[in-house]
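Examination of the molecular architecture
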Amino acid sequence: ADVAYLRSVLPSTTEDAFFDYLASLDASEVTVSAVPEGSVVFARVPFLQVKGPLLVVQLLETTLLCLVSYASLVATNAARFRLLTSPEVKLMEIGLRRAQGPDGALSASKYSYIGGFDYTSNILAGKLYGIPVRGTVAHSFIMSFTSLEEVQPRELSPLAGGEPVDFLALAESWLGRVCELLQTPAEKANRGELAAFVSYAITFPRDFQGLLDTYCVRRSGMPNFCAVALALHQLGYRAIGVRLDSGDLARQSKEVRRALRACGAHFQVPWFETVPIAVSNDISERSLEEFSREGSEIDVIGVGTNLVTCPLQPSLGCVYKLVEVNGSPCLKLTEEEEKMTIPGTKTIYRLYDAAGHPFMDLMALEEEPSPSAGQELVVRVLGRLGEASKVVPTAVEPLHRTYFRDGQVCEPLPSLPEVRSYAQASLSLLNPAHRRLHEPQPYPVAVTERLHRLLAELQQASQ
C-alpha cells in the first residue's frame, strides 16, 4: 500500500525498478551505533551513526531526526530544571494541557522523566511507561461545593475500626480551635471549601491533600485544611500534602509551614510539621532560581508549560549528514565553521581527568588506534583548528555502542528507570564549570591530527 501510494504522487516517469527496489528493502544491511540512552552529548559530536546502502540510510533521515530531536530537547530541558533544584525536592511534570497534542504530551512525560523529573500527572504515560503518577485536587472540584449541606456521606470510620463518626461535625469543631490558634476569623473560612475538603477526606482518608488558594490561603484554605487534617488524625489517618497555585509561592510556602508547625506543636501532632508543600503556576527556570535565592519550604514542584513546550529553545538543531560514500570521505563546505561537517567514519572518545570529570570529546577516524589512559595526545579543538594542543587523559571511554546489525537489535535495551539513572549519573560526572546553566565553561570537542589532515586535504581539494 505504501509503494502504491508513492506511485500515485511521484512523477509518472519514475522507473518501475525504483518501486520494485522500495518493495524489497531489507534492513539487514544497516548498522546503527549510538551513545547509550541518557548520555550527555555536546555540540558537533555525532551521537548516532548509520551505515548501509545509500538510498536506505537516506530514507531514514527524517524518521531518525523526528525520533531523537524532541526527545533530546525535552530531556535536556528537564535536566536543567533538575540541576536548579535540590535533590530532596520532587519534580512533577504537569504539561499535558499545554503540550503539542497527545503524542507530544506522551513524549514530554517520558523524556522529562529521563531528564530527572520524579512524577507525571499524565496517567496514560504512567500506564504505558511505568512512570510514577501523581496529581492534586482541582480548583473546579473545590468550587463545585457551596455549602456544608452538600457533604454526603458525612460519616467516616476510624482507621483502627469501630463505629463511624460524623466527620463533618468533627472537622467543624476543629476549625474553631485552629482559627483561634492561627488568629483568623472562623467566619472567613469558606464553607464550600470546607465541604470540598471534608468530602475528599471521607472518600480518600489515606490520601487527603488540600489545594489552599481557591479563595484565601491564610483566612480560608489553611484553616480549613488544618481542621480536616486534624480531624483525620483523630481517627488515625494522616494527610499527605497541600498545594499552592498562585501568588508569591516562596513566601506563601514559608507562611504555610509556620502554620503547620504551630498546629503540630500546639495540638501535639509531630507529623503535621512536615506535611509536604507542593507548588505550581507557570513555573520556569527563573522561578526555581527565585525559590533558591529567597529560601522556601517547597517539597514538590509541578512544571507544565515551561517544560513541555521548551520556550527558551523550542527546537533542537539535530542534523543528519553524509560523511562517507563507498569508502571515500565526504565534506560539506560552508563559510561558517560550526556548520561544516567532519568527514569520514569516526569513533568518538570521551577523555577524563584525574578528578573523574570528562574534559574533552575526541573524534578519530575509525581505522585509527584507540587512545589509552596516560597517553599524550595531539589534538585540534573545534573552533581553533589552527593550533594543536596536547592532552593526557586519565581515562578514555569509547562513546558509541552498536545497537543494530544484520537486521537485529544486538545490544540489550535499558528500561526507562535505567535510562533515567544513567542520565543523572552522566550529568553528575560533569565538571561543575561545564554543568552550570549561566555562563558555563565551554566543553571542548576535538579531532585527532590525522582527522584534521583529512579535513584540510578535502577543504584544499574543494577550492
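All values derive from a computational prediction rather than experimental measurement.

What follows concerns the packing of helix α9 (residues 191-203) against helix α10 (residues 217-234). Closest axis-to-axis distance for the α9/α10 pair is 10 Å, and the angle between their directions is 30 degrees. Taken together, the axes of α9 and α10 are roughly parallel relative to one another. Between α9 and α10 the crossing geometry is right-handed. Two secondary-structure elements touch here, α9 through Glu193, Leu194, Phe197, Val198 and Ala201 and α10 through Ser220, Gly221, Asn224, Phe225, Val228 and Leu232. Partitioned by chemical class, the residues of the contact of α9 with α10 number seven nonpolar, three polar and one charged.

Moving on: the pattern of salt bridges. Side chains that differ in sign of charge can pair as their charged atoms come close. The full count for this structure, using the stated rule, is 16 salt bridges. The residue Glu285 makes a salt bridge to Arg80 at a minimum N-O spacing of 2.6 Å. Pair noted here: Glu285 is in helix α12 (residues 285-294) and Arg80 is in helix α4 (residues 61-83), with a separation of 205 residues, a long-range link. Here Arg154 ties to Asp166 by a salt bridge, and the two come within 3.0 Å at their closest N and O atoms. Of this pair, Arg154 sits in the loop between α7 (139-143) and β5 (155-156) while Asp166 sits in strand β6 (residues 165-166), and the two are twelve residues apart along the sequence. Connected via shared salt-bridge partners are Arg257, Arg261, Glu297 and Asp299.

If you trace the six strands from one edge of the open sheet to the other, you get β4-β3-β10-β9-β8-β7, paired in parallel fashion. The open sheet has two free edges, formed respectively by β4 (119-120) and β7 (209-211), since each of these has just one partner strand. Strand direction decides the pairing type here: β7 and strand β8 (residues 241-244), joined by three bridges, are parallel. If you follow Gln209 over to β8, its bridge partner there is Gly241.

Turning our eyes to something else, we now look at the side chain of Ser109. Mapped onto the elements of the fold, Ser109 is located in helix α5 (residues 101-115). Ser109 sits in the buried class, given a relative accessible area of 1%. Engagement of the side chain of Ser109 in a polar contact is seen with the side chain of Glu93, the distance being 2.8 Å. The residues touching Ser109, leaving out its near neighbours within four places in the chain, are Glu93, Thr120, Asn122, Ala125 and Ile131.

What follows concerns the UniProt feature "domain: Nicotinate phosphoribosyltransferase C-terminal" (unreviewed entry) in the chain. Mapped onto the present numbering, the UniProt feature "domain: Nicotinate phosphoribosyltransferase C-terminal" (unreviewed entry) falls at residues 346-454. Helix makes up 22% of residues 346-454 and strand makes up 36%, while its end C-alpha atoms are separated by 12 Å.

Our next topic: unusual backbone geometry. Omega for the bond connecting Gln152 with Pro153 falls within 30 degrees of zero, at -5 degrees, which places this linkage in the cis form. Looking at the secondary structure, you find Pro153 in the loop between α7 and β5. Positive phi is not limited to glycine here, since Arg44 has a value of about 80 degrees. Inspection of the secondary structure assignment puts Arg44 in the loop between β1 (31-34) and β2 (48-51). Looking at Arg44, the relative accessible area reads 27%, which means it is partly exposed. Even without being a glycine, Asn281 presents a positive backbone phi close to 115 degrees. The topology assignment puts Asn281 in the loop between β9 (277-279) and α12.

This part covers the pairing of strand β13 (residues 346-352). The buried count for β13 comes to six of seven residues, which makes it a mostly enclosed element. As judged from the seven bridges shared by β13 and strand β14 (residues 358-365), these two strands associate in the antiparallel manner. In the strand pairing of β14, Lys346 is matched with Leu365. The turn joining β13 and β14, which pair antiparallel and follow one another in sequence, is formed by five residues; a positive phi near 90 degrees is taken by Gly356. With four bridges joining them, β13 and strand β17 (residues 395-398) adopt antiparallel strand pairing. By the bridge assignment, Tyr349 is partnered in β17 with Pro398.

About the criteria used
Residues numbered from 1 in each chain as written. Predicted model: local features only at pLDDT ≥ 70, side-chain atom pairs only at ≥ 80, totals over all residues. Heavy atoms only, no water. Axes fitted to C-alpha atoms, helices over the stretch in contact; angles between N-to-C directions. Helix = DSSP H or I, 4+ residues; strand = E, 2+ residues; numbered from the N terminus. Parallel < 35°, antiparallel > 145°, perpendicular 65-115°, else oblique. Left-handed = near helix turned anticlockwise from the far one by under 90°. Contact = heavy atoms within 4.5 Å. Nonpolar A, V, L, I, M, F, W, Y, C, P; charged D, E, K, R; others polar. Salt bridge = Lys/Arg side-chain N within 4 Å of Asp/Glu carboxyl O. Pairing = 2+ DSSP bridges. Buried < 20%, exposed > 50% of the residue type's maximum accessible area, 1.4 Å probe, protein only. Polar contact = N/O pair within 3.5 Å; in protein donor to acceptor, adjacent residues only side chain to side chain. UniProt positions renumbered as here; feature names shortened; annotations may be inferred.

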